[in-house]
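Each chain, written out:
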Amino acid sequence: MRRGRPGALPRGTAERTLTSVRAGDDAGRPDDERTERNGTAPAAPEGGRREASRLWHITLSVSGAEAPLKEVRRSLEQLAHDHPFLLTSRYANDHAEIRYWEEARDLHDAAAVALRLWGEHRSTAKLPPWEIVGLEVIDRETYHQRIAEGYGPPPASPVGVHPY
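Now for a quick tour of the structure. Bear in mind that the values here come from a model prediction, so they are computed numbers and not experimental data.

1. With respect to the sheet that holds strand 5 (residues 160-163)
Reading across from one edge, 4-1-3-2-5 is the order of the five strands in this open sheet, with mixed pairing throughout. The sheet is open, and its two borders are formed by strand 4 (131-139) and strand 5, each paired with just one other strand. In this sheet, neighbouring strand axes are inclined to one another by 15 degrees on average, regardless of whether the strands run parallel or antiparallel. Pairing of strand 2 (residues 86-91) with strand 3 (residues 95-104) involves five bridges; the strand directions are antiparallel. Bridging from a neighbouring strand, Thr-88 pairs with Arg-99 of strand 3. Its contacts with the sheet put helix 3 (residues 107-121) on strand 1 (54-63), strand 3 and strand 4, and the angle it makes with strand 4 is roughly 150 degrees. Against the sheet, helix 4 (residues 140-149) contacts strand 1, strand 3 and strand 4, and its axis sits at roughly 90 degrees relative to strand 4.

In structure tokens, the structure reads:
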């Protein structure tokens, strides 16, 4: 899936590719030139090095003034529909936690996308006017290591939107 691309394909259609935020020399190039079909970044031109995309586990915490629980749930369900990589959301009337996987080149790119998520979907999903109060970004290996050692967040199960 290409985020922020005008005319993006509707959810459930084929031939979508994830891309991450880019900076530097390749920032002006179209996404098609930067990302191969398998979701990894191609080799840099002129023999330069470019890192492949990686998966990052994101936990985004938001809070603010109280809002009706029914509206919070509906807005988080809409966010899950708009952002199909959302794993799970937990919510109360004054805070919520959203967990999902993001594909990005590095932690900086993953964090940048995560920090934009709430604001970019605020109007379309009718999210409460809460602020981001916490962000955790860990790579896939660290996530699985934490789970295996028994001290990380439990796997996002059941998937979906749930009250605290």
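The discussion continues.
2. Considering the pattern of salt bridges
All chains considered together, the criterion is met by seven salt bridges. In this structure, Asp-139 engages Arg-54 in a salt bridge whose closest nitrogen and oxygen atoms are separated by 3.3 Å. Here Asp-139, found in strand 4, pairs with Arg-54, found in strand 1; they are 85 residues apart in sequence, far enough to count as distant. A salt bridge links Glu-136 to Arg-146; the shortest N-O distance between them is 2.8 Å. Placement of Glu-136 in strand 4 and of Arg-146 in helix 4 is noted, with a sequence separation of ten residues between them. Put simply, Arg-105, Asp-106 and Asp-109 are held in one network by salt bridges that share partners.

3. As for the environment of Thr-59
Note that Thr-59 resides in strand 1. In this structure Thr-59 comes out as buried when scored by relative accessible area, which is 11%. Note: C-alpha distance between Thr-59 and Tyr-100 (41 residues apart in sequence) is 6.8 Å. Those residues in contact with Thr-59, other than ones at most four positions away along the chain, are Glu-97, Ile-98, Arg-99, Gly-134, Leu-135 and Glu-136.

4. Describing the packing of aromatic side chains
One pass over the full model with this rule turns up two aromatic pairs. Seen from their ring centres, Trp-101 and Tyr-143 are 5.0 Å apart, and the 80 degrees between their planes marks the pair as edge-to-face. Of this pair, Trp-101 sits in strand 3 while Tyr-143 sits in helix 4; the two residues are 42 residues apart in sequence, bridging distant segments of the chain. With respect to burial, Trp-101 and Tyr-143 carry one shared label: buried. Plain terms: the ring middles of Trp-118 and Trp-130 are 6.3 Å apart, the flat faces sit at 5 degrees to each other, and that makes the pair stacked. Taken together, the residues span a long stretch of sequence, with Trp-118 in helix 3 and Trp-130 in the loop between helix 3 and strand 4 at a distance of twelve residues.

5. Details of unusual backbone geometry
Residues other than glycine seldom take positive phi values, yet Lys-126 does so here, at roughly 55 degrees. Along the chain, Lys-126 turns up in the loop between helix 3 and strand 4. On the basis of relative accessibility, which here comes to 58%, the residue Lys-126 falls in the exposed class.

6. What to know about the nonpolar core
Membership of the largest hydrophobic core comes to 24 residues, with the highest contact counts inside it found for Ile-58, Leu-76, Leu-79, Ile-98, Tyr-100, Trp-118 and Trp-130. Of all elements in the fold, only strand 1, helix 2 (69-82), strand 2, strand 3 and helix 3 reach the threshold of two or more residues within this core. For this core, the element with the highest residue contribution is helix 3, accounting for five residues. If we skip the residues at most four places from it in the chain, Ile-58 touches Ile-98, Arg-99, Tyr-100, Glu-102, Ala-110, Ala-114, Leu-135, Glu-136 and Val-137.

Parameters at a glance
Residues numbered from 1 in each chain as written. Predicted model: local features only at pLDDT ≥ 70, side-chain atom pairs only at ≥ 80, totals over all residues. Heavy atoms only, no water. Pairing = 2+ DSSP bridges. Helix = DSSP H or I, 4+ residues; strand = E, 2+ residues; numbered from the N terminus. Axes fitted to C-alpha atoms, helices over the stretch in contact; angles between N-to-C directions. Contact = heavy atoms within 4.5 Å. Salt bridge = Lys/Arg side-chain N within 4 Å of Asp/Glu carboxyl O. Buried < 20%, exposed > 50% of the residue type's maximum accessible area, 1.4 Å probe, protein only. Phe/Tyr/Trp six-rings, centres within 6.5 Å; stacked < 30°, edge-to-face > 60°. Core = buried A, V, L, I, M, F, W, Y, C linked by side-chain atoms within 4.5 Å.

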